[in-house]
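Listed below are the residues making up each chain.
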Amino acid sequence: MSIHRLRKKLENLPPNREGEHLVLPRGEYRLQLRSDVDVDAAGLAADASVGKTDDAETPRRQTRYNMPARSILAICVLGIIVLAVLMAWFWPLNLTRDARLASAFWKPLTHSAIPTALIVGDRYAFGEVENGRVVRQVVDPLVTSSEDLDRYLLNHKRDGAQVVDLNQFDLPAAMAPALVSIMPVLNRATGDAKARAITSSRFTTDMLKTHNIVYIGLLSDLRDLREPIFDRSGFALMPTGDAIVDRRSGRRFEANWADPSKERMLRRDYAYVASFPGPFGNRILVIAGMNDPGLVEVAQIVSRQADLAILTGKASEKSAFEALYEIRTFGPSGVANRLIIMRPTQAGRQWDATLQR
């Protein structure tokens, strides 16, 4: 998904219950959370700047300047009163009354002096060429960069098809609604020090020492985060990211979600959540789906107070835990979720070089 398409998808999504919208301003690559009041004000400002004729603007200028001083004063006073009421109402509602921040999942971020990085899972796409033109884009979980494509071509032949490096990365379609779900609670958890958003293709391992990490995306797009996340996990993630195995029981969990445009039937997907300490007192949170329905559903799970209570249970903010969810799907949508496994893990101990397996 290009930045333009992501911006349009965010614009078309409805606001959350607090009337907030997630927006991506033009010319910027930084997500912002705005309320309906902000959006309406921006729209009015844009309308006022649209080219109008001088004849159309003149009456409004005269009306504004001819307004009695008392009316102007009354409007100002009324505006101050409304602003004060809004601040008194929404400020405690958004911050001190958000019970989600007391959960063991989000609480480590609320009092951390370490900056937070939101790692958004993206994926590399290359093109197949026929008759001298690119006819389709291909996403292969095993090919995550131009260098991978070169190595892949040395060992494989794609049925006679020619491929070309497009140097292109996109986001899964589920990323927009997933971000809409988590950004309000993430912004409140980090307070004034808003999370810095970067894609997984731009993630560097040095950030494991300098930032709290919140990963959101598909399991297949973890890239350099795969090893630190699953090194001490009770699960093993398959190389393609389309299956996960419980190390203890050997049980394999593999999604059978298919292209929703072809099959309208109940299927299943999976989602993974984890929280564990980083190497320098920081925190690593994982919010991941196996496919798009799993990603949308798991983002809602960590954003709902009732689901957070079930997820964290008796876990403390300093503990390490992980969970696997089964997501029932119908077409492109998740319709139900079931917590299959929730347990403490040894994740975080991998940083201790003295430990032996």
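Residues numbered from 1 in each chain as written. Predicted model: local features only at pLDDT ≥ 70, side-chain atom pairs only at ≥ 80, totals over all residues. Heavy atoms only, no water.

The helix and strand tally for the protein stands at 11 helices and 15 strands. Among the 357 residues that make up the protein, the fraction classed as buried is 43%. Contacts in the protein between residues at least 24 apart in sequence constitute 63% of all its contacts with a sequence separation of at least 6. Accessible surface computed for the protein: about 19800 Å², of which carbon and sulfur atoms make up 54%. (Helix = DSSP H or I, 4+ residues; strand = E, 2+ residues; numbered from the N terminus. Buried < 20%, exposed > 50% of the residue type's maximum accessible area, 1.4 Å probe, protein only. Contact = heavy atoms within 4.5 Å. Areas by Shrake-Rupley, 256 points an atom, 1.4 Å probe, with all protein chains shown as cover.)

With mixed pairing, 7 strands are arranged side by side in an open sheet as E7-E3-E8-E13-E12-E14-E15. At either margin of the open sheet sits one strand with a lone partner, and together these are strand E7 (196-199) and strand E15 (333-344). In this sheet, neighbouring strand axes are inclined to one another by 15 degrees on average, regardless of whether the strands run parallel or antiparallel. Running over the sheet, helix H11 (residues 305-312) touches strand E12 (266-277), strand E14 (321-330) and E15 and is turned about 135 degrees from E14. (Pairing = 2+ DSSP bridges. Axes fitted to C-alpha atoms, helices over the stretch in contact; angles between N-to-C directions.)

Strands sit in the order E9-E10-E11 across an open sheet of 3 strands; the sheet is antiparallel. The open sheet has two edge strands, strand E9 (235-237) and strand E11 (252-254), and neither has a second partner. Neighbour-to-neighbour, the strand axes of this sheet turn through a mean angle of 20 degrees, independent of strand direction. Relative to strand E10 (residues 243-246), E9 runs antiparallel, the two sharing 3 bridges. By the bridge assignment for E10, Ala236 is matched with Val245.

Following the criterion strictly, the structure yields 15 salt bridges and no others. The closest approach of N and O atoms between Arg188 and Asp98, which form a salt bridge, is 3.2 Å. Placement of Arg188 in helix H7 (residues 175-190) and of Asp98 in the loop between helix H4 (69-94) and helix H5 (107-110) is noted, with a sequence separation of 90 residues between them. Between Arg223 and Asp122 there is a salt bridge, with the nearest N and O atoms lying 3.8 Å from each other. (Salt bridge = Lys/Arg side-chain N within 4 Å of Asp/Glu carboxyl O.)

On to a nonpolar patch on the surface, then. Taken together, the side chains of Leu266, Phe330 and Val335 define a hydrophobic patch exposed on the protein surface, amounting to about 290 Å² of accessible area. Within the element layout of this structure, Val335 appears in strand E15. (Patch = residues over 30% accessible without salt bridge, like charges linked within 9 Å, V, L, I, M, F, W, Y side chains within 5 Å.)

A few words on unusual backbone geometry. A positive phi is found at Asn131, a non-glycine position, where the angle reads about 55 degrees. Counting through the fold element by element, Asn131 comes out in the loop between strand E4 (123-130) and strand E5 (133-138).

Ranked by internal contacts, the top residues of the largest apolar core, which has 42 residues, are Phe105, Trp106, Leu118, Ile216 and Val302. Ranked by residues supplied to this core, first place goes to H7 with 10 residues. Other than its neighbours up to four places away in sequence, Val302 contacts Phe105, Trp106, Ile182, Val273, Ile287, Leu308 and Leu311. Membership of the second largest hydrophobic core comes to 30 residues, among which are Leu219, Ala255, Tyr270 and Ile284. (Core = buried A, V, L, I, M, F, W, Y, C linked by side-chain atoms within 4.5 Å.)

The next subject is the pairing of E14. Of all 10 residues in E14, 8 are buried; the element is thus mostly enclosed. Pairing analysis gives 10 bridges linking E12 to E14, with the strands arranged antiparallel. Considered in E14, the bridge of Ser275 is made with Phe321. Bridging between E14 and E15 involves 10 bridges; their strand directions are antiparallel. Note on E15: the bridge partner recorded for Glu322 is Arg343. The antiparallel hairpin formed by E14 and E15 contains 2 residues in its connecting segment, where Gly331 sits at a positive phi of about 65 degrees.

Attention shifts here to H11. Of all the positions in H11, only Asp307, Leu308, Leu311 and Thr312 are classed as buried. Projection of H11 onto a plane perpendicular to its axis shows the buried side chains occupying an angular sector of 115 degrees, all on one side. Residues of H11 that are exposed and angled more than 90 degrees away from the buried face: Ala306 and Ile310. Taken together, the buried residues of H11 touch E12, helix H10 (292-301), E14 and E15. Positive phi shows up at Gly313, right after H11, with a value of about 55 degrees. (Arc of directions from axis to C-beta.)

This part is about the pairing of E5. Taken together, the 5 bridges between E4 and E5 define a ladder with antiparallel strand orientation. For Glu128, the partnering residue across the bridge sits in E5 and is Arg136. Between E4 and E5, which pair antiparallel and follow one another directly, the connecting turn spans 2 residues, one of which, Asn131, has a positive phi of 55 degrees.

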